[in-house]
Amino acid sequence: STHQQLLGEKFRDAEFRKSLDFALADGVKRVSRLLNQMRFLARESEPEPQAFPVEQLIEEAYQEARRHQPAEKAQLQYENSGKPIVITGDRAALKHALAEIMLNALQANPREPKIGVKLHTNPKHAGGRELEIEVQDNGTGFTTETARKVPSPFFSTRNVGLGLGLTVSRKIIETHHGKLEIVPPQAGQHGTVRVLLPID
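Residues numbered from 1 in each chain as written. Predicted model: local features only at pLDDT ≥ 70, side-chain atom pairs only at ≥ 80, totals over all residues. Heavy atoms only, no water.

### Some points on the overall build of the protein
Item 1. What the protein contains, in helices and strands, is six helices and seven strands.
Item 2. N-terminal to C-terminal, the α/β element order of the protein is α-α-β-α-β-β-α-β-β-α-α-β-β.
Item 3. Counting only residues that meet the buried cut, the protein has 38% of its 200 residues in that class.
Item 4. Long-range contacts, defined here as pairs at least 24 residues apart, represent 68% of the contacts in the protein between residues at least 6 apart.
Item 5. Carbon and sulfur atoms make up 50% of the accessible area of the protein, which totals about 12100 Å². (Helix = DSSP H or I, 4+ residues; strand = E, 2+ residues; numbered from the N terminus. Buried < 20%, exposed > 50% of the residue type's maximum accessible area, 1.4 Å probe, protein only. Contact = heavy atoms within 4.5 Å. Areas by Shrake-Rupley, 256 points an atom, 1.4 Å probe, with all protein chains shown as cover.)

### Quick notes on the packing of aromatic side chains
Item 1. Going through the model one piece at a time under the given rule, you end up with zero aromatic pairs.
Item 2. Directly above the ring of Phe11 sits Arg17, whose terminal nitrogen or CZ lies 5.8 Å from the centroid.
Item 3. For Arg91, the ring lying beneath its charged end belongs to Phe52, and the centroid distance is 5.6 Å. (Phe/Tyr/Trp six-rings, centres within 6.5 Å; stacked < 30°, edge-to-face > 60°. Lys NZ or Arg CZ within 6 Å of the ring centre and 35° of its normal.)

### Some thoughts on the sheet that holds strand β2 (residues 75–79)
Item 1. Reading across the sheet, the five strands line up as β2-β4-β5-β7-β6 and stay open at both edges, with mixed pairing between neighbours. Unpaired on one side and paired on the other, β2 and β6 (179–182) mark the two borders of the sheet. The average undirected angle you get between the axes of adjacent strands in this sheet is 20°.
Item 2. Pairing between strand β4 (residues 114–123) and strand β5 (residues 129–136): eight bridges, direction antiparallel. Bridge pairing in β5 places Thr121 opposite Leu131.
Item 3. With respect to the sheet, helix α6 (residues 165–175) is in contact with β6 and β7 (192–199), its orientation differing from that of β6 by roughly 140°. (Pairing = 2+ DSSP bridges. Axes fitted to C-alpha atoms, helices over the stretch in contact; angles between N-to-C directions.)

### Some details on the pairing of β4
Item 1. With five bridges joining them, β2 and β4 adopt parallel strand pairing. Bridge pairing links Gln77 to Gly116 in β4.

### Let's talk about helix α2 (residues 14–42)
Item 1. Over its 29 residues, α2 runs 42 Å from end to end, which matches the ideal 42 Å to within 8%, given 1.5 Å per residue.
Item 2. Taken together, the buried positions of α2 are occupied by Phe16, Leu20, Arg33, Gln37 and Phe40.
Item 3. Against the buried residues of α2 lie α1 (2–10), α3 (54–68), α4 (91–107) and α6.
Item 4. You can read the cap of α2 off the contacts: a side-chain oxygen lies 2.9 Å from the backbone nitrogen of Glu15, and it is on Asp13. (Expected span 1.5 Å × (residues − 1). Polar contact = N/O pair within 3.5 Å; in protein donor to acceptor, adjacent residues only side chain to side chain.)

### Topic: the side chain of Ser169
Item 1. Structurally, Ser169 is set in helix α6.
Item 2. Side-chain polar atoms of Ser169 contact the backbone oxygen of Ala97, separated by 2.8 Å.
Item 3. Residues within four places of Ser169 in sequence aside, it is in contact with Ala97, Glu100, Ile101 and Leu180.

### A few points about the pattern of salt bridges
Item 1. Throughout the structure, instances matching the rule amount to seven salt bridges.
Item 2. For Glu134, the salt bridge goes to Arg194, with nearest N and O atoms at 2.9 Å. Placement of the pair is Glu134 in strand β5 and Arg194 in strand β7, with a sequence separation of 60 residues.
Item 3. We classify Glu134 as buried; its relative accessible area is 18%.
Item 4. A salt bridge links Glu181 to Arg194, with the nearest nitrogen and oxygen atoms 3.0 Å apart. (Salt bridge = Lys/Arg side-chain N within 4 Å of Asp/Glu carboxyl O.)

Below you can see the structure in the form of structure tokens.
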């Protein structure tokens, strides 16, 4: 709004144009993210599911999260069993869910964010298997109250966003018959979000 008011008198100023360019780019990213959040929240049915490897999805979700939190020193540490894991579902939706979780992890330590991702496959009580994805940040961790409230709509501990990221992630994951868990906090430990998804 401020840029729009000053546009006529300041447009020839190179510093103003640089500032305007940054504001427009940032605004487009924020609006696009909000539109995606609303689209996934409003969706009643899922498109035709497809099978895909989860490892590539995690890397793409991390890169998407970094678009919204571009820290130069960000690191992704990745652990799995060494065998490719294939899951079935709405690839775009699951990528968005994981990107929101990773963005939350990046924002936990904006200066030098480190995200640890661990993959496990576990047997389920009713037969079959499930994929467990743990995403850990290197921030100060969740308080007991925050861990309880953070998946709720419009709850946020930060001054950016609307507090919908983990709400959208939880809906997408539950639509895939999975579960999103905020791991109960322990003294001195970082924040951890766990995603459980069935494997066909």
